[in-house]
Every structure is written in structure tokens, then in C-alpha cells.
Amino acid sequence: MTAFLAITVALITLSISTDAFSTVPTKNSLSLSSSTMQQFTSSTRLEMNKKGKSKSKPKKKTASSSPKGFAAALRDLQEKGFKFSGDVRPGKQSPQRVVNNPRIIVPDYAVDGQPKNRGPLLPWLIEVKKPEEIAKMRISGRIAREVLDIGARAIRPGVTTDEVDQAVHEACLERGGYPSPLNYHGFPKSCCTSVNEIICHGIPDDRKLVEGDIINLDITCYVDGYHGDCSEMFMVGECDDDAKRLIQTTYDSWVKSLEFVKPGRDYKDIGAIIEDHIVPKGYSTVKNFCGHGIGSVFHTAPNILHYRNNEPNGQMAAGHTFTIEPMICEGTNRPITWTDQWTAATADGGRTAQFEHTLIITPDGVEPMTAKIPGHSKVQFWEMESEVHKGFWLGTTPAGRARAAKFLEELQQGILP
């Protein structure tokens, strides 16, 4: 999420790094200075997770995601006075979807919205997954990819983002998974749909997609106790050349960063690779949201910053699982947060693009656990016109390189659609 749904703020020493889907400070957060809080109030939720257990009773998940009574009136008043930066406006949300199949394993926040399991206190302490955990994550990653592909097929002019969310929700449940965003820190929907100037955490609603929109669809599925997280850009009908350049640049910077991953390298160096690619082309990279470690916990160490930094976020090693998900902007990289306390938009209304994989580091490289599926996943123009890697990126291991080369050859020969 894309970042995927809440914006996690983690402060270690004097640095701040925020997680793409966690807008709430995590248990491993330290206190923020007043000056730092002033800089980041537009992108952080006004709510804290305390280190100790909450004494309050868990809140039950409500059937509707829309506030009622005084809360609804207050929301409407806030929206009327809110200065939107671009053309996208919030629509009406349908009631929150439910998961009532007793055979589906649900995460610990499914009922009350509060994650119970947390990552390590220090950002360089990174969990090395066991073989049985990796096997489960390969399944959750594969399911997340299948669900993303299904959601993508629904994207076209005239379709609402709520209809996309419904397709995603049903596809996840059909595969025995729980849509991870649902009720994560209270997020009301099963996926994130971020259109045009929306950086991340866009809430599906009754707004219809229109010709020329660009949209990021961010999917995470929780299967047998483990999360698989991925996102991809899509064009709604035909888009202008500026939108295509933005998406192409974002994709190429992302693939460059993926190619860098191997045991022994520092996580902090990922950001410079992205920034060095996009800045000369006139774009900026968002600093308020980041990639993250993932596994049985949705968001954990390491924090993956998508800009040049010197943060002590650890060194890569075989068995690490995490996401890289840069958010690249046409104009300013400064976000504003809508009154729903989730939707992050660019402050100048410029469009933004993002891609994401869940990755596993192996002794001989890196593999995407949410890899695109030859013959099933849509082939996009930016994959075929990439200056970095043509065709589907399937990792840097010898096996991954071989699969990608075989697929590209078959695609060019017209063997595959």
C-alpha cells in the first residue's frame, strides 16, 4: 500500500521514516520533536500506538464505513472547507465489506483494527525467514498477484473504484485469503485505489474512472498467517504523453532499485538509485512514505526509503522479505492528507505513480514473491519499452533471469498473448 494503507512513522535517533501503508506511529517509534511534528503533520495520523497494551476494550468492526450523526456533520463541514489540490474528489463509500468464512485465517487486527504483533525496536534488526515461512509467503504473494490482475481487468472508463474493490475482495476470499487493508488501523476497504494526484491510500468509493485517468491499484492478501503486498499502475483508456512519461520513469527507477538488491548491500543505498534516475528527468520522490519489511506482520523492519539517505536501516541478507514501492511525482513531493485521514495527495495536484513487489533475498540474488504471471498478467507498454529491463522483471537469480528471457522471447514471437 503504496505504500499500502496507514502511514507508519518510525523515529530512530533523529531520523524519520514512514511506511507506505501505516499512517499510525508504531510501537517501535520514539517521541517526535515539536519541529519535526510541524513538518509532518500533513502526512501523519493524529493518533498514537502506545508501547503498552491498551486498557480500553476493543472496538467491534462496524457494518458501515461512513460516519453518522454528529461525526458525519463534522466530516461534511471539514470537507466543505478543505482545499483539494487537484481534480479528484472523495465520493460516497459503500458499507464496509465483511469476511465471515470461518475457514479463512484473519490477522490480529481484523476485529478491532489494532495490530498486536510488532516488529523489532531497532531498524537494523531484520527477521530472517525460515524455509517454511518463505513457502507460505510465496503462496500469499502469488495470490496477491492473481487478485491484482483480477482487479486490473475491472479498470476502465465508467467503472467506480468501489466496483474494483468488490472484485478484489471477492477474488481474495475465493482464494482463501483475507484482504489485509480491511480494518487495518480502521481502513474501511479491501484495497487502495489511488487516482491521478493521489499518492497512496486512496479509499475506493462511487467515483467513476474517466478516460485519461491513471490509477495505482495496491493489493495485499493475508493467507495462512502471512501477507503478500504488491501494486501496479494502470491507464484508464488512453492517456496523455506526460502521464506515460511519468509511469515509464517511475517503473524504470523501480526496476533499477530491484536490480541492486543482493546479500551484503545496505538498504539505505536503494533510495539514491531511485532519486538519481528520476531527478534529471524533472520528477521528485515522496519522502513521507516508504517500503517496509513484511511477513506475519504487515509492516516491520527494514524501512525502505526511496530517496538518498544515510539511515541505519540494516544490511541485506538471504531470507529477508520486504517491499520497494517508490512514489514519483510530476511536481512537488509534499503530500497533503484529506479529511478522511487516509488519502494522501500531492500538494500541487500533480500526478504521481508507484509500483511495488514483495521481495525475498536469496543467496544468489532477489526474487519477487508477487511476480507477474506470464500468460495471465497484463503486459504493459512500460515493460516493453523499458530502458532497464524489457518484459516482466522476474528477479536476478539465474532461474529468474531464465524465466524472464523465455517469456520475452515467446512474447516477441507471438506465442503468448
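So, here's what we can say about the structure.

So, how was this worked out
Residues numbered from 1 in each chain as written. Predicted model: local features only at pLDDT ≥ 70, side-chain atom pairs only at ≥ 80, totals over all residues. Heavy atoms only, no water. Axes fitted to C-alpha atoms, helices over the stretch in contact; angles between N-to-C directions. Helix = DSSP H or I, 4+ residues; strand = E, 2+ residues; numbered from the N terminus. Parallel < 35°, antiparallel > 145°, perpendicular 65-115°, else oblique. Left-handed = near helix turned anticlockwise from the far one by under 90°. Contact = heavy atoms within 4.5 Å. Expected span 1.5 Å × (residues − 1). Buried < 20%, exposed > 50% of the residue type's maximum accessible area, 1.4 Å probe, protein only. Pairing = 2+ DSSP bridges. Core = buried A, V, L, I, M, F, W, Y, C linked by side-chain atoms within 4.5 Å. Polar contact = N/O pair within 3.5 Å; in protein donor to acceptor, adjacent residues only side chain to side chain.

A few words on the packing of helix H3 (residues 131–153) against helix H4 (residues 161–174). Describing two packed helices takes the angle between their axes plus the distance from one axis to the other. With their axes 9 Å apart at the nearest point, H3 and H4 run at an angle of 150° to one another. With respect to H4, the element H3 is oriented roughly antiparallel. Crossing of H3 over H4 shows right-handed handedness. Residues Val 147, Ile 150 and Gly 151 of H3 touch H4, and the partners they reach there are Val 164, Ala 167, Val 168, Ala 171 and Cys 172.

This brings us to H4. Spacing of three or four residues puts side chains on the same side of an α-helix, whose turn is 3.6 residues. In a regular helix each residue adds 1.5 Å, so 14 residues correspond to 20 Å; H4 covers 20 Å between its end C-alpha atoms and thus fits that length. Among the residues of H4, those classed as buried are Thr 161, Asp 162, Val 164, Asp 165, Val 168, His 169, Ala 171 and Cys 172. Turning to H4, the residues buried within the fold contact H3, strand E3 (178–179), strand E4 (192–195) and strand E6 (214–223).

With that settled, the discussion passes to the pairing of strand E17 (residues 365–368). With burial as the criterion, each face of E17 is covered, one bearing Gly 365 and Glu 367 and the other bearing Val 366 and Pro 368. By the bridge criterion, 4 bridges tie strand E16 (residues 357–362) to E17 in an arrangement that is antiparallel. Bridging across to E17, Leu 359 finds its partner in Pro 368. Between E16 and E17, which pair antiparallel and follow one another directly, the connecting turn spans 2 residues.

This next bit is on the sheet that holds strand E12 (residues 327–329). Think of a sheet as strands paired side by side through backbone hydrogen bonds, with each pair either parallel or antiparallel. Spatially, E8-E12-E15 is the arrangement adopted by the 3 strands of the open sheet, whose pairing is antiparallel. Taken across any chain shown, the strands that pair with only one partner, and hence form the sheet edges, are strand E8 (284–285) and strand E15 (352–354). Packed on one face of the sheet, helix H5 (residues 241–260) meets E12 and E15 and runs near 35° to E15.

One finds Tyr 267, Ile 270, Phe 322 and Ile 324 to be the most contacted residues of the largest nonpolar core, which totals 31 residues. Those elements that provide at least two residues to this core are H5, helix H6 (270–278), strand E10 (300–304), strand E11 (321–324) and E16. The greatest single-element share of this core, amounting to 8 residues, is contributed by H5. Look past the residues within four positions of Ile 270 in its chain and what remains in contact with it is Ser 257, Phe 260, Ile 304, Leu 305, Met 316 and Ile 324. Ile 150, Val 223, Val 236 and Ile 336 belong to the second-largest nonpolar core, a separate cluster that totals 30 residues.

Burial along E4 is two-sided: the face carrying Cys 192 and Ser 194 and the face carrying Thr 193 and Val 195 are both buried. When E4 meets E6, the two strands line up antiparallel, connected through 4 bridges. Residue pairing for E6: Cys 192 is matched across the bridge by Asp 218.

Moving on, we get to the packing of H5 against H6. At their nearest, the axes of H5 and H6 sit 9 Å apart, and the two run at 150° to each other. Between H5 and H6, the angle is such that the two are roughly antiparallel. Crossing angle aside, the handedness with which H5 passes H6 is right-handed. Seen from H5, the contacting residues are Thr 249, Asp 252, Ser 253, Lys 256, Ser 257 and Phe 260; seen from H6, they are Ile 270, Ile 273, Ile 274, His 277 and Ile 278.

This next bit is on the side chain of Ser 377. Secondary-structure assignment places Ser 377 in the loop between E17 and helix H7 (381–384). When its relative accessible area of 7% is taken as the criterion, Ser 377 is described as buried. Engagement of the side chain of Ser 377 in a polar contact is seen with the side chain of Asp 149, the distance being 2.6 Å. Only 2.8 Å separates the side chain of Ser 377 from the backbone nitrogen of Ile 373, close enough to count as a polar contact. Contact partners of Ser 377, with chain neighbours within four places excluded, come to Arg 145, Asp 149, Lys 372 and Phe 392.

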